[in-house]
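Residue-level listing of the chains:
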Amino acid sequence: MIGYYNYTVILTYFSLLSALFGTHLAFQGEEIYALLCLLLCGMFDSLDGIVARTKKERTEKEKKFGIQIDSLVDMFSFGVFPAIIGYTMGLNGWIWFVLFALYSIGAVSRLGYFNVVEEMRQQETNEKRKYYQGLPVTCASLIFPAIYLLNYFLTYELTISIYGWFMGIVAVAFVVDFKVVKPGLKGIMAMGVVGILIMIGLVLI
């Protein structure tokens with residue numbers, strides 16, 4: 001079979017399946033459940049690297065394969081899926097299309113650049129990455145569900161408008177060169193707690 005199939009890539013595929021199922025839910029009008037799927041995408045993505053590093057005897061091809069499929073899945077899960085959710089919530093005018101297009105272009109540009117830089121970095125050093133350049137696309141899994149919680153305080157129409165405009169802001173943050181500290185285990189756990197709180201907020205809505 002073409003490809004490399006072992007437990008190190010399972011969570012990456014779970015992220016893709018969550019995004020695909022969430023897309024189905026979004027088009028069924030179940031936007032809250034779609035946003036919950038986006039949160040799950042972020043959870044799976046945050047853990048897949050930890051799981052992959054437990055396999056000590058990965059070949060160079062397996063490592064590069066893991067990097068490639070992670071970016072390909074991230075493109076859909078975090079670069080397209082949030083835009084689909086916005087569209088199904090009613091953001092289907094031309095201005096929103098432009099913002100969503102910029103968002104997806106920013107995501108794919110960032111992911112492509114990261115792949116090139118990360119491959120070169122791994123050829124030069126075995127040290128773990130300490131910083132990201134620009135906002136990681138995976139942050140979308142927390143940002144957009146959190147924005148939806150504004151429904152508690154604002155009208156639905158205003159909330160989804162903020163959702164749409166934030167896609168433009170996040171698109172810029174994807175490609176602007178600034179340092180973002182890569183979270184360690186404690187940071188991942190903290191984001192997990194935030195994700196759970198957002199999840200509870202969505203369920204209560």
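Quick caveat, the model's predicted, so the values are computed rather than measured.

Engineer: Explain helix H1 (residues 10–27) residue by residue, including any values.
Structural biologist: For H1, spanning 18 residues, the distance from its first C-alpha to its last is 26 Å, which sits close to the expected 26 Å at 1.5 Å a residue. The complete set of buried residues in H1 reads Leu11, Thr12, Ser15, Ser18, Ala19, Gly22, Thr23, Leu25 and Ala26. Mapping the buried residues of H1 onto a view down its axis gives an arc of 165°, with all of them on the same face. Along H1, exposed side chains directed more than 90 degrees from the buried face belong to Leu17 and Phe27.

Engineer: Run through the nonpolar core, naming residues and quoting values.
Structural biologist: Counting 41 residues, the largest nonpolar core has Ile85, Tyr103, Phe144, Tyr163 and Leu202 as the members making the most contacts within it. When contributions to this core are tallied by element, the ones reaching two or more residues are H1, helix H2 (31–52), helix H3 (60–79), helix H4 (81–88), helix H5 (94–124), helix H6 (140–148), helix H7 (156–175) and helix H8 (185–204). Ignoring sequence-local partners within four residues, the contact set of Ile85 consists of Ala26, Ala34, Leu35, Leu38 and Tyr163.

Engineer: Tell me what's going on with a nonpolar patch on the surface, and back it up with residues and numbers.
Structural biologist: Taken together, the side chains of Tyr152, Phe153, Leu154, Leu158, Val193, Ile196, Leu197, Ile200, Leu204 and Ile205 make up a nonpolar region of the molecular surface, amounting to roughly 1000 Å² of accessible area. A per-element tally of the nonpolar patch places H8 first, with five residues. Within the fold, Leu197 resides in helix H8.

Engineer: Any details on the side chain of Ser141? Residues and values, ideally.
Structural biologist: By secondary structure assignment, the location of Ser141 is in helix H6. Assessed through its relative accessible area of 5%, Ser141 is described here as buried. One polar contact links the side chain of Ser141 to the main-chain carbonyl oxygen of Thr138, over a distance of 2.7 Å. When residues no more than four places from it in sequence are discounted, the contact partners of Ser141 are Leu38, Leu39, Gly42 and Phe78.

Engineer: Report on H3, specifying residues and quantitative values.
Structural biologist: Taking 1.5 Å per residue, 20 residues should reach 28 Å; H3 reaches 27 Å between its end C-alpha atoms and fits that length. All of the buried residues in H3 are Glu62, Phe65, Gly66, Ile69, Asp70, Ser71, Val73, Asp74, Met75, Ser77, Phe78 and Gly79.

Engineer: So what about the packing of aromatic side chains? Which residues, and what values?
Structural biologist: The tally for this structure, following the rule as stated, stands at nine aromatic pairs. Between the aromatic rings of Trp94 and Phe97, the centroid separation amounts to 5.9 Å while the plane-to-plane angle is 85°, which identifies the pairing as edge-to-face. Of the two residues, Trp94 and Phe97 both sit in helix H5, three residues apart, roughly one turn of that helix. Comparing Trp94 with Phe97 shows no difference in burial state: the two are exposed. An angle of 70° between the planes, with centres 5.4 Å apart, marks the rings of Trp96 and Trp165 as edge-to-face. Here Trp96, found in helix H5, pairs with Trp165, found in helix H7; they are 69 residues apart in sequence, far enough to count as distant. One aromatic cluster is present, built from ring pairs that chain together Tyr103, Phe144, Tyr163 and Phe174. Its guanidinium or amino end placed over the ring of Tyr131, Lys179 lies 4.9 Å from that ring's centre, counting from NZ or CZ.

Calculation criteria
Residues numbered from 1 in each chain as written. Predicted model: local features only at pLDDT ≥ 70, side-chain atom pairs only at ≥ 80, totals over all residues. Heavy atoms only, no water. Helix = DSSP H or I, 4+ residues; strand = E, 2+ residues; numbered from the N terminus. Expected span 1.5 Å × (residues − 1). Buried < 20%, exposed > 50% of the residue type's maximum accessible area, 1.4 Å probe, protein only. Arc of directions from axis to C-beta. Core = buried A, V, L, I, M, F, W, Y, C linked by side-chain atoms within 4.5 Å. Contact = heavy atoms within 4.5 Å. Patch = residues over 30% accessible without salt bridge, like charges linked within 9 Å, V, L, I, M, F, W, Y side chains within 5 Å. Areas by Shrake-Rupley, 256 points an atom, 1.4 Å probe, with all protein chains shown as cover. Salt bridge = Lys/Arg side-chain N within 4 Å of Asp/Glu carboxyl O. Polar contact = N/O pair within 3.5 Å; in protein donor to acceptor, adjacent residues only side chain to side chain. Phe/Tyr/Trp six-rings, centres within 6.5 Å; stacked < 30°, edge-to-face > 60°. Lys NZ or Arg CZ within 6 Å of the ring centre and 35° of its normal.

As far as function goes, none of this settles anything; it's purely spatial.
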